[in-house]
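Secondary and tertiary structure notes
The primary structure of each chain is shown beneath.
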Amino acid sequence: MHMLKKILSVLTLTASLSLVAFGAAASPTAPKEGADYQVLPTPQPTESGKKVEVIEFFAYWCPHCNTFDPLLSAWVKKQGDNIAFKRVHVPYNERLAPQQKLYYTLESMGLADQLQSKVLKALHEERQEFTRDEAVFDWVARNGVDRTKFIDTYRSFGVAGKIRRAGAMMESYKVEYWPLLVVDGRWQASPSLTGQANKDLDTEAKQQQATLQVLDALVAKAKAAKK
């Protein structure tokens, strides 16, 4: 009986230590490779100079991208000159193609950041669909964008090229879900990864906040390597 108690005590201690070790394995403030973030198998070139490039792969229609956007936008603003931030609107299907074209048209006109929150509100709160070109044209006109100039840009070779590049980037950056962030062309981070690595983050809001901590650490890591 004494020996059984001793064995059970050792097993309990071993299990406790394993849990502690597992808990220490992943932390948003000290992110662990393969848990809080992933390394791209092939690093991608950046054009940001001494700034750290941060790319968000997202979609207007994506509900998770919608809730993450205000937090990420505030984080980008806080980073200031530390980073060069850009978004890539992912392709999905023909029905939702006008939304991707909307983004790249606004980007070409220098209006994407200015109208980001308005587009998301229209889709997720006002229940606009933006599945038809005319619906997109009507909406931008109501929001102060020159309709003729927008339509010309929407149908341009430039926007078509941006859409082709977005598809190619999805393959190069191994993008299989979104929102997904890539830092310095090397590391992937996302609320999904953060949530899987840290089981105590039991709500999407907690996972999103923790992801910003992972981004902080990755940006600092990339910046140190540029010195």
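Structure's up top.
What you see is a predicted model; the values in this text were computed from it and never measured.

Relative to strand E3 (residues 83-89), strand E2 (residues 52-58) runs parallel, the two being bridged by seven bridges. By the bridge assignment for E3, Val-54 is matched with Phe-85. Handedness of the crossover is the feature at issue here: the chain leaves E2, passes through helix H2 (residues 63-79), returns alongside E3, and the resulting connection is right-handed.

Looking now at the packing of helix H3 (residues 97-108) against helix H7 (residues 157-172). Where H3 contacts H7, the axes come no closer than 9 Å and their chain directions differ by 120°. By the angle between their axes, H3 is oblique relative to H7. Remark: the crossing between H3 and H7 carries right-handed chirality. Across the interface between the two elements, Gln-100, Lys-101, Tyr-104, Thr-105, Glu-107 and Ser-108 of H3 pack against Val-159, Lys-162, Ile-163 and Ala-166 of H7. Grouping the amino acids of the contact of H3 with H7 by side-chain chemistry returns four nonpolar, three polar and three charged.

Another aspect to go through is the pattern of salt bridges. Applying the stated criterion across every chain, the model contains eleven salt bridges. Asp-138 serves as the salt-bridge partner of Arg-147, at 2.8 Å between the closest nitrogen and oxygen. Arg-147 sits in the partly exposed class, given a relative accessible area of 30%. When salt bridges with common partners are traced through the structure, they connect Glu-56, Asp-69, Arg-87 and Asp-113 into a single cluster.

What follows concerns the packing of H2 against helix H4 (residues 112-124). The geometry of H2 relative to H4 is characterised by a closest axis approach of 11 Å and an angle of 140° between their N-to-C directions. Relative to H4, the element H2 is oriented oblique. In the packing of H2 onto H4, the handedness of the crossing is left-handed. Side by side, H2 and H4 meet where Pro-63, Asn-66 and Asp-69 of the first sit next to Gln-116, Leu-120 and His-124 of the second.

On to helix H5 (residues 133-142), then. Looking only at H5, the buried set comprises Ala-135, Val-136, Phe-137, Trp-139 and Val-140. Check the buried side of H5 and you find it contacts H3, H4 and helix H6 (147-154). Remark: Gly-144 follows H5 within two positions and exhibits a positive phi of approximately 85°.

Turning our eyes to something else, we now look at the pairing of strand E4 (residues 180-183). Both faces of E4 are covered, namely the face carrying Leu-180 and Val-182 and the face carrying Leu-181 and Val-183. Looking at chain direction, E2 and E4 are connected through four bridges and run antiparallel. Each bridged residue has a counterpart across the sheet, and for Val-54 the counterpart in E4 is Val-183. Sheet topology places E4 next to strand E5 (residues 187-189); three bridges connect them, and they run antiparallel. Bridged to Val-182 within E5 is Gln-188. Between the end of E4 and the start of E5, which pair antiparallel, lie three residues, with Asp-184 showing a positive phi angle near 60°.

This next bit is on the nonpolar core. Core analysis: the biggest nonpolar cluster contains 40 residues, and Phe-57, Tyr-60, Leu-102, Leu-106, Val-119 and Phe-150 have the highest contact counts within it. Contributing elements (two or more residues each) for this core: E2, H3, H4, H5, H6, H7 and E4. Ranked by residue count, the leading element in this core is H4, at six residues. Those residues in contact with Tyr-60, other than ones at most four positions away along the chain, are His-89, Gln-99, Leu-102, Tyr-103, Leu-106, Gln-116, Val-119, Leu-120, Leu-123 and His-124.

Under the counting rule described, the total for this entry stands at 13 aromatic pairs. Geometrically, the ring pair formed by Phe-57 and Tyr-173 is tilted, given 5.5 Å between the ring centres and 50° between the ring planes. Taken together, the positions of Phe-57 in strand E2 and Tyr-173 in the loop between H7 and E4 put the pair 116 residues apart, joining distant regions of the chain. A relative accessible area of 0% places Phe-57 in the buried class. Classification of Tyr-173 by relative accessible area gives buried; the value is 5%. Measuring from ring centre to ring centre gives 4.7 Å for Trp-61 and Tyr-92, while their planes differ by 45°; the resulting arrangement is tilted.

The rules behind these values
- Residues numbered from 1 in each chain as written.
- Predicted model: local features only at pLDDT ≥ 70, side-chain atom pairs only at ≥ 80, totals over all residues.
- Heavy atoms only, no water.
- Pairing = 2+ DSSP bridges.
- Helix = DSSP H or I, 4+ residues; strand = E, 2+ residues; numbered from the N terminus.
- Right-handed = clockwise from strand over helix to strand, strands pointing away.
- Axes fitted to C-alpha atoms, helices over the stretch in contact; angles between N-to-C directions.
- Parallel < 35°, antiparallel > 145°, perpendicular 65-115°, else oblique.
- Left-handed = near helix turned anticlockwise from the far one by under 90°.
- Contact = heavy atoms within 4.5 Å.
- Nonpolar A, V, L, I, M, F, W, Y, C, P; charged D, E, K, R; others polar.
- Salt bridge = Lys/Arg side-chain N within 4 Å of Asp/Glu carboxyl O.
- Buried < 20%, exposed > 50% of the residue type's maximum accessible area, 1.4 Å probe, protein only.
- Core = buried A, V, L, I, M, F, W, Y, C linked by side-chain atoms within 4.5 Å.
- Phe/Tyr/Trp six-rings, centres within 6.5 Å; stacked < 30°, edge-to-face > 60°.

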